[in-house]
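For reference, the chains in residue letters:
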Amino acid sequence: MKKSIILTSLMMLAIQAMALTPWKKGAFETNQYRNLFVEMGYQQADVDAKLKEVFNDVFRGPNKVYFEVGDSMGYVSDIKNHDARTEGMSYGMMIAVQFGEKDIFDRLWRWSKKYMQHQEGNRKGYFAWSCKTDGTRNAEGAASDGELYFITSLIFASNRWGNDTGINYLAEAQNILNCIQPKEYTPEPRQGGFPGFGPQQTGPQKMYLIDPETQLITFTPDGFGQRYTDPSYHIPAFYEVWAKWADDGRADYWNECAKKSREFLHKAINEQTGLNADMCQYDGSEMQMPRFPGMPQNQNQNAAPRRFGNNNFRYDSWRVPMNITLDYEWSCADSEWQQKYGETIQNFLYSQGVDTFVDQYRVDGSLPEGDEILQAGGFRKLRHSIGLVATSAAASMMCSHDKSKEFVDALWNAKHEPFEDGYFDAYYDGLLRLFAFMHLSGNYRVITPQK
């Protein structure tokens, strides 16, 4: 009996030690994935059941955000904003291909292609970033992260299912890759547009998803939004996927984009807190919005510039820990810095309380005030949001300190339910929660061509 107890104790110590030892090689090379839940003592059957439950919450449960249309289409809706976005549609496709849900994937792609993708004109190949759920466009312009996910998920679909089951996935991905190359155009009169900034630009302009000078992804591929970037759009390993399997003749370029993206993240993230601004200049410095006509001015000309929150850590920023985790898991090309980053951001959030940290901060770790706080769903309030609980837990994949298990446990035990004031985000919080469970269970994978 005593021997059994001792052996059990030694096994638990071995499991814990393994959980605190991040891997040194990525899945591109090893085709292996950690199940951190199991390493930390959870039972495989419980992990499988939990992952299925979280998937069903998003796609099939009473608070689902996925809806089917007729016999062949479907969409993912940002419920609180009453629309479908390229963000959610492309996330849904990535999740579907990861889970082998071909019907869901194909429905989402057909809806995206029919209603969102421009088939002609200046924006040919790009996607309108927001549509009503009946397919009517709320805006014509693109948000660059949508294209990033569409391309990668289509390549994975090609690798998983081939290209002769009704959709030529690889050809669709290659079409987008060709269309996002720099091209000259004359802007049309503004109609809605991405919620960006600045006056209407006139005269010949260039459109591109990747800034030609810096090789960094744009916030939007045209207009003022192409002058800066969003750190949460940087997923270097996606470019490596393109380099390996897009077969578009640009492999060296995409590998260079991955390298530049990793270098950018070093500059964009605060070394003391691990936090990053919501928007950044291409050199990694915080976004400082210019004063356009009609924007409020400080009465005291000697006062510090009014903060609009663009240079704070907030909703988009939550994705950065998870994106860096993905690059670490798949590529491991920047592992030393990524491990340090993972522990830095967890240390900061731990200092705020694992169960109490809020979802918006200034990059130095201080709290935002007033209209710096970005509202959501009609509420302007700092919360302990499950979206950030999820992505900070996913970062445990990179960490070797003891705190990482507390973040994983916090996610496992967190309930995705309305706050006391009624605020509930089934969409963004739900999708990030699902992605984090995929990471931590070893189910967010590089999908290689089937033999």
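Residues numbered from 1 in each chain as written. Predicted model: local features only at pLDDT ≥ 70, side-chain atom pairs only at ≥ 80, totals over all residues. Heavy atoms only, no water.

Caption draft 1: Representation of the sheet that holds strand β2 (residues 73-78) within the structure. If you walk across this open sheet you meet the four strands as β1-β2-β3-β4, and the pairing is antiparallel. The open sheet has two free edges, formed respectively by β1 (66-69) and β4 (130-131), since each of these has just one partner strand. As defined by bridge partners, β2 adjoins strand β3 (residues 83-85) across two bridges and the pair is classed as antiparallel. Note that in β3 the partner of Ser 77 across the bridge is Ala 84. Together, β2 and β3 form the strand contacts of helix α5 (residues 86-99), whose direction differs from that of β3 by roughly 60 degrees. (Pairing = 2+ DSSP bridges. Helix = DSSP H or I, 4+ residues; strand = E, 2+ residues; numbered from the N terminus. Contact = heavy atoms within 4.5 Å. Axes fitted to C-alpha atoms, helices over the stretch in contact; angles between N-to-C directions.)

Caption draft 2: Representation of the packing of aromatic side chains within the structure. Applying the stated criterion across every chain yields a total of 39 aromatic pairs. With a centroid separation of 4.9 Å and 90 degrees between ring planes, the pair formed by Trp 242 and Trp 254 is classed as edge-to-face. Pair noted here: Trp 242 is in helix α9 (residues 236-245) and Trp 254 is in helix α10 (residues 251-268), with a separation of 12 residues, a long-range link. Overall, Trp 242 belongs to the buried group, its relative accessible area being 0%. Using a relative accessible area of 0% as the deciding quantity, one classes Trp 254 as buried. Taking NZ or CZ as reference, Lys 403 lies 5.5 Å from the ring centre of Tyr 350, over its face. (Phe/Tyr/Trp six-rings, centres within 6.5 Å; stacked < 30°, edge-to-face > 60°. Buried < 20%, exposed > 50% of the residue type's maximum accessible area, 1.4 Å probe, protein only. Lys NZ or Arg CZ within 6 Å of the ring centre and 35° of its normal.)

Caption draft 3: Molecular detail of the packing of helix α4 (residues 44-59) against helix α15 (residues 428-440). Closest axis-to-axis distance for the α4/α15 pair is 9 Å, and the angle between their directions is 155 degrees. Here α4 lies roughly antiparallel to α15, going by the angle between them. Here α4 and α15 pass one another in a crossing that is left-handed. Two secondary-structure elements touch here, α4 through Lys 50, Leu 51, Glu 53, Val 54, Phe 55, Asp 57, Val 58 and Phe 59 and α15 through Gly 430, Leu 431, Arg 433, Leu 434, Phe 437 and Met 438. Of the residues in the contact of α4 with α15, the class split is nine nonpolar, one polar and four charged. (Parallel < 35°, antiparallel > 145°, perpendicular 65-115°, else oblique. Left-handed = near helix turned anticlockwise from the far one by under 90°. Nonpolar A, V, L, I, M, F, W, Y, C, P; charged D, E, K, R; others polar.)

Caption draft 4: Structural context of α4. The end-to-end C-alpha distance of α4 is 23 Å, a good match for the 22 Å that 16 residues give at a rise of 1.5 Å each. Among the residues of α4, Val 47, Lys 50, Leu 51, Val 54, Phe 55, Val 58 and Phe 59 are the ones counted as buried. Down the axis, α4 shows its buried residues gathered within 155 degrees of arc, on one side only. Those residues of α4 that are exposed and aimed more than 90 degrees away from the buried face are Ala 45 and Lys 52. (Expected span 1.5 Å × (residues − 1). Arc of directions from axis to C-beta.)

Caption draft 5: A look at empty space enclosed by the protein. Under the criterion given, the structure shown has two cavities of 30 Å³ or more. Of the voids in this model, the largest cavity is the one considered here, and its volume is about 90 Å³. Along the walls of the largest cavity sit Trp 23, Lys 25, Gly 26, Gln 32, Tyr 33, Arg 34, Tyr 328, Glu 329 and Met 397, which together make up its complete lining. Looking at the lining of the largest cavity, its residues break down into four nonpolar, two polar and three charged. (1 Å grid on protein atoms, 1.4 Å probe; cavity = no way out; pocket = protein on both sides within 12 Å on 5 of 7 lines; lining within 4 Å. Points joined across faces, edges and corners; volume = space filled by probe spheres on them.)

Caption draft 6: Focus on the pattern of salt bridges. The full count for this structure, using the stated rule, is 27 salt bridges. Put simply, Glu 256 and Lys 260 hold a salt bridge, and the shortest N to O gap is 4.0 Å. In this pair, Glu 256 and Lys 260 are both assigned in helix α10, four residues apart and thus about one turn of the helix distant. What makes Glu 256 partly exposed here is its relative accessible area of 28%. By sharing partners, the salt bridges in this structure join Asp 78, Lys 80, Asp 83, Arg 85 and Asp 425 into a single network. (Salt bridge = Lys/Arg side-chain N within 4 Å of Asp/Glu carboxyl O.)

Everything listed here is a matter of coordinates, which is why it stays silent on function.
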